[in-house]
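# Observations on chain architecture
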Amino acid sequence: MSASKSRPQWVLPVLIGLLVFAALPAVLASFDRGYFYQIANLALIFVLLSASMHLVTGVAGLLHLGHAAFYGVGAYTAALLTTKLGLGFTWTLPLSGLVAALVAFLVALPTMRLVSIYFAVATLAIGQMLYLVMLNWVEFTKGPNGIIVTKGLELFGFSLSGRLATYYTVAAVVVLCVVAIGRLSHSYYGNALRSIREDDQCADAMGVRTVRLKMEAFTLSAFFAGVAGSLWAHMTGYISPGDFKFSESILILAMVVVGGLGSLPGAVIGALLLILLPEGLRGLGDFRNIMVGMVMFLSILFLPKGLLGEVSALRLVRQQLGAAWRRTDNGIGIGWR
Amino acid sequence: MTHLLEIENASRRFGGVLAVNDVTAHVDEGELVGLIGPNGAGKTTLFNLISGFTPLSAGTVRFAGTPINGLRTNRVARLGISRTFQNLRVFPNMSVFDNVSVGAVGTLPQGPLDALFGAAKRADAISERTWAALEAVGLTHVADELAANLPYGRRKYLEIARALAMQPRFLILDEPAAGLNDTETRELAAFIKRLHGQGLTIMLVEHDMNLVMSICQRVLVLATGRKIADGPPEVIRQDPAVLEAYLGVDA
């Protein structure tokens, strides 16, 4: 809740707005190469994924290892609605978010009472299950062949599929969602979520409905991941299960960790870093993956709280692993609450 | 005459150990009650039974007429029982203000839609409660500080502020004087008396007799899981059973 009083609050948002909606498009237009647009759009989509992960892992402290699967659910929802029902982006955008949120809600029902590491393992399993469905339910998802999404970005029939228009659409949706996530995480609601991350038993004793709030954070973050999936599907025009596999979940997690758990600006910077760095290092060939690994390793070693984080990633993991062996008061149900 | 808190034949078994054995007690509205006993007497367990942290093995606990057996901890908290922890449990990576606001938002829940579209009334009520609680313990000047950076004594008050932000009907303090020096303990005693003076019902769980004897109107004594005495401090001080429990006269 604390804000620096030295400069007016609107300065930073205006600067970021100018950068995203004026400076960057101008630069992109001056180069006018499809590759740069592609990178910018990809970076924006991962900013949204990282921001949505920030809500569930950074703020609510739930170690989520299957986030990419909800991104995939959103993308497949968009692709299938387009190819089977002929719906355009205007409709698939909200519907992708809602379907991803619904799937998240349903899988959260049985898993949300799991504590700590058991929850992390459950999300891992859920992510794998959803991935395998995309891969193996060939008649519905076309399996490994993927789906060609026949419609580009549009708004109420008005095509937005030009390079610059696509960039602006993606940027507008991402900025809107990130602002929404910012409001969720920097509010009293966000504080209640943080208290669960810090000490969920204690939060419980303060009247915080921990299970319900965890469900909400998980479902909301899936909603935003689904929205990102819809953007991705319409932007690239082709999706396949490989885009949503486990390593993507880990990539998103890494963005949040490098940026700093609990910090939304951190999540955004982490996403930019881990998307732009590998692209910038393309000249190094296969060494670039080692470089990315080094960045993550060094950030955990020397910046335990990430660039801007509230909590150290190691502390969160230690807390989660430790809880698995901690004895509960009533002796029953270790790992289950 | 109904009591604010009624404990009837409460028992709690951990494996072969009866940590709390058939305890019957009550607390009335507006009382300042002490709960004392030697180490391992079952004070914290009884406390956890009241706050819903630990389920009862037998018996009932009623708060303002409502049985609270089997209710979730957060439900019990929202009924109006608020607590602090013996081994300080502040939220270390949150600011002092944010820590206290959790108590307020716990009892005045803000949903995701409120956060998104800004239900200003609710948010104002939460911030008002938070500032009032910070003021009550005198921590307003460090509101932006990270809780982990506060000295130990201050963190105790932070916990109390967080409990007060819930605007409880019944406040239970678990060993608030543990780890404090004599001066700090005296300050704490004065502070607790002041809270009580404002009409708050308080139960003080203490290991050390002095604080309890000096400020409480009534004292419950537990030893090996049983209630062995219940009365005003001057009577308790002379009770042979209490002396035996504390000094180990027999043997």
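Quick caveat, the model's predicted, so the values are computed rather than measured. (Residues numbered from 1 in each chain as written. Chains lettered and ligands numbered in written order. Predicted model: local features only at pLDDT ≥ 70, side-chain atom pairs only at ≥ 80, totals over all residues. Heavy atoms only, no water.)

### A short note on the overall build of chain A
Along its length, chain A carries 14 helices and four strands. Taking 2.2 N^0.38 as the reference for a compact globule, 337 residues should give roughly 20 Å; the C-alpha atoms of chain A span a radius of gyration of 20 Å, in line with that estimate. For chain A, the spread of C-alpha atoms along the principal axes amounts to about 60 × 55 × 40 Å. If you take every contact in chain A between residues at least 6 apart in sequence, the share linking residues at least 24 apart comes to 79%. Counting every atom, chain A has about 14,700 Å² of accessible surface; 72% of that belongs to carbon and sulfur. (Helix = DSSP H or I, 4+ residues; strand = E, 2+ residues; numbered from the N terminus. Rg over C-alpha atoms; globule rule 2.2 N^0.38 Å. Contact = heavy atoms within 4.5 Å. Areas by Shrake-Rupley, 256 points an atom, 1.4 Å probe, with all protein chains shown as cover.)

### Considerations on the interface of chain B and chain A
In this complex, chain B contributes 40 residues to the contact, which on the side of chain A involves 35 residues. Overall, the association of chain B and chain A removes approximately 3,100 Å² of surface from exposure, summing both partners, and the carbon and sulfur fraction of that is 59%. The largest contributions to the chain B side of the interface with chain A come from N93, P112 and L116 of chain B, which together make up 18% of the buried area. Along the contact surface separating chain B from chain A lie one salt bridge. Linking R89 of chain B and D199 of chain A is a salt bridge whose minimum nitrogen-to-oxygen distance equals 2.8 Å. At the level of elements, β1 (5-14), α2 (73-79), α3 (96-107), α4 (112-117) and α5 (120-137) of chain B are the ones that each hand at least two residues to the side of chain B that touches chain A. If one sorts the elements of the side of chain B that touches chain A by residue count, α3 of chain B sits on top with eight residues. Here the residues of the side of chain B that touches chain A sort into 19 nonpolar, 13 polar and eight charged. (Buried area = accessible area lost by both parts, 1.4 Å probe. Salt bridge = Lys/Arg side-chain N within 4 Å of Asp/Glu carboxyl O. Nonpolar A, V, L, I, M, F, W, Y, C, P; charged D, E, K, R; others polar.)

### Notes on the side chain of S195 of chain A
Along the chain, the position of S195 of chain A falls in helix α8 (residues 188-198). Overall, the relative accessible area of 0% leaves S195 of chain A in the buried class. Within polar-contact distance, the side chain of S195 of chain A engages the backbone oxygen of A192 of chain A at 2.6 Å. Residues within four places of S195 of chain A in sequence aside, it is in contact with D200, A203 and V208 of chain A together with F91, M94 and V102 of chain B. (Buried < 20%, exposed > 50% of the residue type's maximum accessible area, 1.4 Å probe, protein only. Polar contact = N/O pair within 3.5 Å; in protein donor to acceptor, adjacent residues only side chain to side chain.)

### Examining the packing of aromatic side chains
Tallied over the full model, the rule gives 16 aromatic pairs over all chains. Note on F21 of chain A and Y168 of chain A: the rings are 6.2 Å apart at their centroids and 10° apart in plane angle, and the pair reads as stacked. Of this pair, F21 of chain A sits in helix α1 (residues 11-31) while Y168 of chain A sits in helix α7 (residues 163-185), and the two are 147 residues apart along the sequence. With relative accessibility at 28%, the residue F21 of chain A sits in the partly exposed group. Ring centres of F97 of chain B and W131 of chain B lie 5.0 Å apart, and the angle between their planes is 50°; on these two criteria the pair is classed as tilted. (Phe/Tyr/Trp six-rings, centres within 6.5 Å; stacked < 30°, edge-to-face > 60°.)

### Concerning the confidence of the model for chain B
Here chain B averages 88 in pLDDT, and 98% of its residues register 70 or above. Our summary of model confidence lists the complex with pTM equal to 0.88 and ipTM equal to 0.87. (pLDDT = per-residue confidence, 0-100.)

### Describing the domain arrangement of chain B
Residues and elements named next belong to chain B. Taken domain by domain, chain B consists of domain 1 (1-80 + 169-251) and domain 2 (90-167). Each of domain 1 and domain 2 has a C-alpha centre, and the two are 26 Å apart. Between domain 1 and domain 2, the contact holds 17 residues from the first and 13 residues from the second. Overall, the association of domain 1 and domain 2 removes approximately 1,000 Å² of surface from exposure, summing both partners, and the carbon and sulfur fraction of that is 71%. In terms of surface lost to domain 2, no three residues of domain 1 exceed R78, L171 and F191, which account for 37% of the buried area on that side. On the surface where domain 1 and domain 2 come into contact, there are zero salt bridges. Taken together, domain 1 and domain 2 are joined by four residue pairs in polar contact (both at pLDDT 80 or more). Every element with two or more residues in the side of domain 1 that touches domain 2 is listed here: α2, β7 (170-174) and α7 (182-197). With five residues, α7 is the largest single contributor of residues to the side of domain 1 that touches domain 2. (Domains from an automatic or database assignment.)

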